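# Topology and contacts: notes
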Amino acid sequence: MLKFKMIGSDPEFFVYDQQNKTTVPSFMVTDGTKEFPLEYEKGFKILKDNLVLEGNIPPSNTKEEWINNMLKLKKDFNNIIKQINPNYILLEGDLEYYSLENINTVDGLSFGCSNYLNAWDYNEYTTPSFKKNFRTCGFHIHVSFDVEEDSLIKDPLIIGAFLTRLFDMFLGIPSDEIYYCGDRRKGYGALGSFRLTDYGIEYRSLGGYFTKDEYLGWIYDQVIKIFNFI
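Further remarks concern the sheet that holds strand 10 (residues 124-125). The 6 strands are arranged 1-12-14-13-9-10 in an open sheet whose pairing can be described as antiparallel. The open sheet has two edge strands, strand 1 (2-9) and strand 10, and neither has a second partner. For strand 9 (residues 116-118) and strand 13 (residues 193-196), the ladder comprises 2 bridges, and the chain directions are antiparallel. Within strand 13, the position partnered with Asn118 by the bridge is Ser193. Sheet contacts for helix 3 (residues 156-178): strand 1, strand 9, strand 12 (141-147), strand 13 and strand 14 (200-203); angle to strand 14, the most-contacted strand, approximately 40°.

What follows is the structure in structure tokens.
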């Protein structure tokens, strides 16, 4: 048996210039990187990932805390980018286009994510390289859990793959019925995508569209349903 402990995330967002109607590269608003994210408040971080803006929130063990952490991060990010340019807003979505001028930069051509696993075939996959002038955002869900002593399976890979398949059933596939972006799914958000972590797993299939306020409670509820199902 697996017992739920905490949930966290490293959500990704687009920065949009309302005046010029263009998507702004994240290097315009932060110097934080994967290796050296900027922690502007305990547990809350901001960084650039390729051309999109990424954040980190503290792990939560209640629905209220999970929602509040996400709402705070988005509010903070909006305040940060508006201090740079009052026309900038945070955009919650799966895919946006950038100018070739921004695509053909060090950031635009860099993909800092490490390899990930697929729960359905147990193969390891490398980060894809986009050939077009769009980039995508993901809403990666991190969960920690206890493996109870009476569990017949102890292998972290088998447990991670099993749990990720349930994430597909309870989150990934239902999310496609709400909003589906084929280019993100094919390029960087395949069903079954996960990483093993020292605390549990990182589920990587959910898109940035679901960082919107109205889906935060639903995500938490679905995660709890997974562990109740187990």
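With that settled, consider unusual backbone geometry. In the Ramachandran plot, Lys21 falls in the positive-phi region, its phi being about 55° despite a non-glycine side chain. Residue position: Lys21 is located in the loop between strand 2 (12-17) and strand 3 (22-24). A residue is classified by how much of its surface remains accessible, and Lys21, at 63% relative accessible area, is exposed. With a phi angle near 55°, Asn50 is a residue other than glycine that sits in the positive phi range. Within the secondary structure, Asn50 sits in the loop between strand 5 (44-49) and strand 6 (52-56). The exposure class of Asn50 is buried, given its relative accessible area of 9%.

Pairing between strand 13 and strand 14: 3 bridges, direction antiparallel. Across the sheet, residue Arg195 finds its bridge partner in strand 14, namely Glu202. Hairpin connection of strand 13 to strand 14: 3 residues between the antiparallel strands.

Examined against the element boundaries, Asn118 turns out to sit in strand 9. Sequence spacing of Asn118 and Gly189 is 71 residues, and the spatial spacing of their C-alpha atoms is 11 Å. Each residue touching Asn118, except ones within four places of it in the same chain, is listed here: Asn123, Tyr125, Leu191, Gly192, Ser193 and Phe194. There is a polar contact of 3.1 Å between the side chain of Asn118 and the backbone oxygen of Leu191.

Cut-off values and rules
- Residues numbered from 1 in each chain as written.
- Predicted model: local features only at pLDDT ≥ 70, side-chain atom pairs only at ≥ 80, totals over all residues.
- Heavy atoms only, no water.
- Pairing = 2+ DSSP bridges.
- Helix = DSSP H or I, 4+ residues; strand = E, 2+ residues; numbered from the N terminus.
- Contact = heavy atoms within 4.5 Å.
- Axes fitted to C-alpha atoms, helices over the stretch in contact; angles between N-to-C directions.
- Buried < 20%, exposed > 50% of the residue type's maximum accessible area, 1.4 Å probe, protein only.
- Polar contact = N/O pair within 3.5 Å; in protein donor to acceptor, adjacent residues only side chain to side chain.

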